[in-house]
Each structure stands twice: as structure tokens, then as C-alpha cells.
Amino acid sequence: MTRAGRPGERRKAASGAVQSVDRAVSVLEILARRGEAGVTEIADELGVHRSTAFRLLGVLENRGLVAQAGDRGKYHLGAGVLRLAGAAAVRLDVSQEAVPVCRDLADELGETVNTAVLDEDAAVNIMQARGTAAVTAQDWLGRRTALHATSSGKVFLAHMTPTLRDDHLSRPLRRFTEHTVTDASALRAELERVPGEGYASTREELELGLVAVAAPVHAHDGTIVAAISVSGPVFRMLPERVSWLGERTAAAAAELSRRMGYGVQARAGS
């Protein structure tokens, strides 16, 4: 007899979990194709017992991925699918539309330009362009970086709801260098200035020798969907130059926002 926790049992459990995931995805595909379907119809297509189909639908309904059509016993795709699809579409749009904007800014400033999106408690760079003066070959693409220690991260923090921001700042803030701001009160005061100034900045807070500025990118509905950042070495990113770089970065972010549809409706209705 196989004991609990032995490799054979763990493999069997894993196989069962994969099968459940596969069936759940199949349910979503069936509803996408049919528009709506009942438990019996879904069970017949999957080749499973009705109780199995009912359990799958229950899990998906709890996560908002499917919903029942009134009292007719039919199911259809839920709002959760739309939220996932919308988030994926926005990220894809940002990454595509950011390419010319970031390349133009990198050519103008000669520094490294990144576009980042918020991914739970981190900023993730999804597009990068290097200027002619960039002295590093470091690739930031796909890298998850701390919100409190990066310019893009500070943009996201500054534009969060107070509840979300307070939740993030209530956690221990990791110190990356001697310049990292780990005091929540000091960081909160800095974040309050970001919306008015139009950009956020860091100076050797993530890595020694690295300075960066970032500005927010708006979607068509005004929500912050990304941040454009410019980074370079401390010897070139002098304090008197940072404000100008912040203004140029904010202008590029405004252009990307326009490409994302921000302000178009307002201008059309004026």
C-alpha cells in the first residue's frame, strides 16, 4: 500500500490537479463557443459525470469566471474573464505603443528608457530602449523591482488609493543601498509631491551609481497603467539635470497616454 506523502501518491495528486485545470479551461472554452450552456450539456462535452461538471462550475463561479443566467440553470462567461482579458489587452497595447515613444526619448536624451507596469507588489519592465550615451549593457526587461526603491515604483505608489498605499508602506521596506528610503513617513511625504511635480525620482536607492526619473502613463479612462523611466549614471544625472529629465520623461509619458486614448474623448466632446 502506498503511504500518504510518498512519491507515487504525490504524482497521482499532481496529475489529478492538472486534469482539473484542463477541464476548467475546457469549460471556459465551451461557454465561449456556445454563449451559454447547462450543467448536463457541459458534462456531456467533457465526458464527465454531471456532479464533476457542477463542481467545476462552482469553483469558476466563485472566482467570477462564470455566472448563472438568471434561474434558467444556464451558465455563461463571467465578468472575471473580461477583467483578465482587459488587463492582458492593456499590457499588450502599452508594450506595443511604447516602442516608438521610448526609442525617441532614448535618442533625445542618450540614456536608458524603460516602460514598466505594476504587477501586484512590484514594477516589471516590459520595454527598454538604450540611448547612445548609455554606459551599461544591463537588461532590465522582465525584471521585478521594488516599488519603494525605483522611480517607476514610486509613480505607482503615488497614484494608488490611500488604502493600498498604506497597506504597502505598512510592510518592512527592504534596504538595497545606504540611500534607500525605508522610513514609511519619509517615503509618504515624498510620494505626496509626485502628482504635482509630474514625475518621481530615485538617487542610488536601488543600485549605487544609478539615478532614475519616471512619469505616469494613463489609459483612456484615466487609470495609471504604466510608467516611463529614464535612468543613467550618477555622474551624468546631476541634481540640476534631473528636473529637466523629469519634464522630458513626463512629456513622453503624456504622448504614450495619448496613444492609449487618454484625453481623446475629452477633446472630441469639447
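Not measured: the values here are computed from a predicted model.

Here is what the cut-offs are and how they apply
Going along each chain's sequence as written, the residues are numbered from 1 onward. Since the coordinates come from a predicted model, pLDDT governs what is reported: local features require at least 70, and pairs of side-chain atoms require 80 or more to be given and counted, while whole-chain, interface and lining totals use all residues. Heavy atoms throughout the structure, all of them, feed into the side-chain values; hydrogens and water do not. pLDDT is defined as a per-residue confidence score from the predictor, taking values between 0 and 100. Runs of H or I in DSSP of at least four residues are treated as helices and runs of E of at least two as strands, each being numbered from the N terminus. In this analysis, two residues are considered to be in contact whenever any of their non-hydrogen atoms come within 4.5 Å of each other. Paired strands, as defined in this entry, are two strands with at least two bridges between them according to DSSP. Fitted lines through C-alpha atoms serve as axes, helices being fitted only where they are in contact, and the angles separating the N-to-C directions of these axes extend from 0 to 180 degrees. For any pair of crossing helices, the crossing counts as left-handed if the nearer helix is rotated counterclockwise from the farther one by less than a right angle, and right-handed if it is rotated clockwise. We call Asp, Glu, Lys and Arg charged. Ala, Val, Leu, Ile, Met, Phe, Trp, Tyr, Cys and Pro are nonpolar, and the rest, Gly among them, are polar. Each residue after the first adds 1.5 Å to the expected span of a helix. Whether a residue is buried, partly exposed or exposed follows from its accessible area with a 1.4 Å probe, protein chains only, as a fraction of its type maximum: under 20%, in between, or over 50%, in that order. In what follows, salt bridge is the name for a side-chain nitrogen of Lys or Arg lying within 4 Å of a carboxyl oxygen of Asp or Glu. Among buried residues, the Ala, Val, Leu, Ile, Met, Phe, Trp, Tyr and Cys ones that are joined through side-chain atoms within 4.5 Å form a nonpolar core.

A.B. asks: It is not clear to me how the confidence of the model for the protein chain should be interpreted in this structure. Could you clarify?
C.D. replies: Predicted confidence across the protein chain gives a mean pLDDT of 84, with 82% of residues reaching 70 or more. Across the protein chain, the element-wise mean pLDDT spans from 45 in helix α9 (residues 264-269) up to 97 in helix α5 (residues 151-158). Note that pLDDT drops below 50 for residues 265-270; the model gives that stretch two contacts with residues more than four away or on any other chain.

A.B. asks: So what exactly am I meant to see when it comes to the sheet that holds strand β4 (residues 112-119) here?
C.D. replies: Strand pairs in the sheet, formed through backbone hydrogen bonds, run parallel or antiparallel to each other. On the basis of which strands lie adjacent, the open sheet formed by six strands has the order β6-β5-β4-β9-β8-β7 and antiparallel pairing. Of all strands in the sheet, those with a lone pairing partner are β6 (144-146) and β7 (200-203), marking the two edges. Averaged over all neighbouring strand pairs, the angle between strand axes comes to 35°, with direction disregarded. By the bridge criterion, nine bridges tie strand β8 (residues 210-218) to strand β9 (residues 224-233) in an arrangement that is antiparallel. Paired with V211 across the strands is G232, a residue of β9.

A.B. asks: Any chance you could explain the environment of Y262 here in plain terms?
C.D. replies: Turning to its location among the elements, Y262 is positioned in the loop between α8 (239-259) and α9. For the pair formed by Y262 and T223, sequence separation is 39 residues and the distance between their alpha carbons is 9.1 Å.

A.B. asks: Explain the packing of helix α6 (residues 162-169) against helix α7 (residues 184-197) here, please?
C.D. replies: The geometry of a pair of packed helices is captured by two quantities: the angle between their axes and the separation between those axes. Contact geometry for α6 and α7: axes closest at 10 Å, N-to-C directions at 145°. Pair α6 / α7 crosses with right-handed handedness. Between α6 and α7, the residues in contact are R165, D166 and L169 and A184, L187, R188 and L191, respectively. When the residues that make up the contact of α6 with α7 are grouped by side-chain class, the tally is four nonpolar, no polar and three charged.

A.B. asks: Would you mind showing me how to read α8 here?
C.D. replies: Given 3.6 residues to a turn, an α-helix orients residues that are three or four positions apart in the same direction. Between its first and last C-alpha atoms α8 spans 31 Å; for 21 residues at 1.5 Å apiece the expected length is 30 Å, and the two agree. Looking one or two places after α8, you find G261, whose phi comes out positive at around 100°.

A.B. asks: I'm lost on the sheet that holds strand β3 (residues 74-77) in this one. Help?
C.D. replies: Spatially, β1-β3-β2 is the arrangement adopted by the three strands of the open sheet, whose pairing is antiparallel. Edge strands, defined here as strands with exactly one partner in the open sheet, are β1 (37-38) and β2 (66-68). Where helix α3 (residues 50-62) meets the sheet, it contacts β2 and β3, and its direction lies at approximately 105° from that of β2.

A.B. asks: It is not clear to me how the pairing of β7 should be interpreted in this structure. Could you clarify?
C.D. replies: Consecutive side chains along a regular strand alternate between the two faces of the sheet. The alternating pattern of β7 places A200 and T202 on a buried face, while none of S201 and R203, on the opposite face, is buried. When β7 meets β8, the two strands line up antiparallel, connected through four bridges. Residue pairing in the sheet places T202 in a bridge with A212 of β8. Counted between consecutive antiparallel strands, the loop separating β7 from β8 contains six residues, among which E204 sits at a positive phi close to 60°.

A.B. asks: It is not clear to me how the pattern of salt bridges should be interpreted in this structure. Could you clarify?
C.D. replies: Where charged atoms of side chains with opposite charge meet at close range, the side chains can pair. Per the counting criterion, the structure on display carries 17 salt bridges. Note that R258 and E255 form a salt bridge whose closest N and O atoms lie 2.8 Å from each other. Pair noted here: R258 and E255 are both in helix α8, with a separation of three residues, about one helical turn. On the basis of relative accessible area, R258 is assigned to the partly exposed category, the value being 41%. Here the residues in one salt-bridge network are R33, R34, E41, E45 and K74, joined through shared partners.

A.B. asks: Looking at this structure, how should I read the pairing of strand β5 (residues 122-129)?
C.D. replies: The buried count for β5 comes to seven of eight residues, which makes it a mostly enclosed element. Where β4 folds back on β5, the antiparallel hairpin that results is connected by two residues, among which E120 adopts a positive phi of roughly 60°. One ladder, built from three bridges, connects β5 with β6; its direction is antiparallel. Counterpart to A122 in the pairing with β6 is A146.

A.B. asks: Explanation requested: the nonpolar core in the structure shown.
C.D. replies: Generally speaking, nonpolar side chains in soluble globular proteins are found buried as a group. If you look at the biggest cluster of nonpolar residues, it comprises 29 residues, and the most contacted ones within it are L105, V113, V217, I228 and L256. Taken together, the elements giving at least two residues each to this core come down to α4 (79-109), β4, β5, β8, β9 and α8. Top element by residues in this core is α4. It accounts for seven residues. When sequence neighbours within four positions are dropped, the list of residues in contact with L256 reads E97, A98, V101, V217 and I228. Core analysis: the second largest hydrophobic core is formed by 17 residues, V155, L191, V194 and A200 among them.

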